[in-house]
Amino acid sequence: MANLIASTSGTDSDWVVKVIDVYPDEVAGQPAMGGYQLMISADIFRGRYRESLETPKPIAADKPLLYRFALPTANHVFLPGHRKSWCDSIQLVPALRSQSANVCIQYFLGQPGDFCKAVQRVYHAPGQASFIELPLVTTP
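Within each chain, residues carry numbers counting from 1 in the order of the written sequence. Totals for whole chains, interfaces and linings use all residues, but because this is a predicted model, local features are given only for residues with pLDDT of at least 70 and pairs of side-chain atoms are given and counted only at 80 or more. No hydrogens and no water enter the side-chain calculation; it runs on all heavy atoms of the structure.

A. Fine view of the pattern of salt bridges. A pair is scored as a salt bridge if a Lys or Arg side-chain nitrogen falls within 4 Å of a carboxyl oxygen belonging to Asp or Glu. This model, assessed by the stated rule, comprises 5 salt bridges. Here Arg50 ties to Glu51 by a salt bridge, and the two come within 4.0 Å at their closest N and O atoms. The buried label applies to any residue whose accessible area, calculated with a 1.4 Å probe on protein chains only, is under 20% of its type's maximum; exposed applies above 50%, and partly exposed to all values in between. What makes Glu51 exposed here is its relative accessible area of 55%. Salt-bridge contacts for Lys57 lead to Glu51; the nearest nitrogen and oxygen are separated by 3.3 Å.

B. Fine view of the pairing of strand S4 (residues 65–69). Per the convention used, a helix needs a DSSP run of H or I reaching at least four residues, while a strand needs a run of E reaching at least two, with both numbered from the N terminus. Only one face of S4 is covered, namely the one carrying Leu65, Tyr67 and Phe69; the face carrying Leu66 and Arg68 has none of its residues buried. Here the rule is simple: two strands pair whenever DSSP picks up at least two bridges between them. For strand S1 (residues 2–8) and S4, the ladder comprises 5 bridges, and the chain directions are antiparallel. Each residue of the ladder has a partner; that of Ala6, found in S4, is Leu65.

C. Local environment of the packing of aromatic side chains. Each Phe, Tyr or Trp ring, with Trp reduced to its six-membered ring, pairs with another whose centre is within 6.5 Å; inter-plane angles below 30 degrees give stacked pairs, above 60 give edge-to-face pairs, and intermediate values give tilted ones. Counting across every chain of the model gives 4 aromatic pairs. On the basis of an interplanar angle of 85° and a centroid distance of 5.6 Å, the ring pair of Tyr23 and Tyr36 is categorised as edge-to-face. Residue Tyr23 is found in the loop between strand S2 (14–22) and strand S3 (37–46), and its partner Tyr36 is found in the loop between S2 and S3; the two are separated by 13 residues along the sequence. Given a relative accessible area of 16%, Tyr23 falls into the buried group. For Tyr36, a relative accessible area of 37% puts it in the partly exposed group. Taken together, a centroid distance of 6.4 Å and an interplanar angle of 65° make the contact between Phe45 and Tyr67 edge-to-face. Taken together, the residues Phe45 in strand S3 and Tyr67 in strand S4 connect sequence positions 22 residues apart. With respect to class, Phe45 is no different from Tyr67; both count as buried. Cluster of aromatic residues (ring-pair linked, three or more members): Trp15, Phe45, Tyr67 and Phe69.

Rendered as C-alpha cells:
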C-alpha cells in the first residue's frame, strides 16, 4: 500500500509510485549488475479520485493530503545488501486546472488557457511521513 502525503498548487495531480530493488554497488560474479535498479511494482493514482473512484473532486491547493492506494502485488525478496527505493522514483505530472473555477477538467478536453504550472510536494516530516507498506516474511 502506498501512503503518500502530498500537496499540489493545482486542483489535480497524477501521482506515480514505484518500488525499486537497488542492487549493491558491486555484485560478485556479475559486475554488470552493480547498482542495477529493478522495478518491482508501480502504479499511477489520479489525485481527484482520492475520496471516491466514482466521484472526482478537486484537490485543495497547497494542502497536504493522504493518497492511499494499493500497488500491484509482486512476489519479490529483497536480498541482503540490496536497498529499497521509492521516494526518489516518484514522478510528478503537471496539473491541469481551470483558471476560472475550482473544478476538474478532463485532460483531453482542456484548452490551452486551462493548463498552468503547478508545484507538487511530497512530505516526509514526522507526523506527515509518506511510506509504503510492504509485507514482511520471516523464515523459521
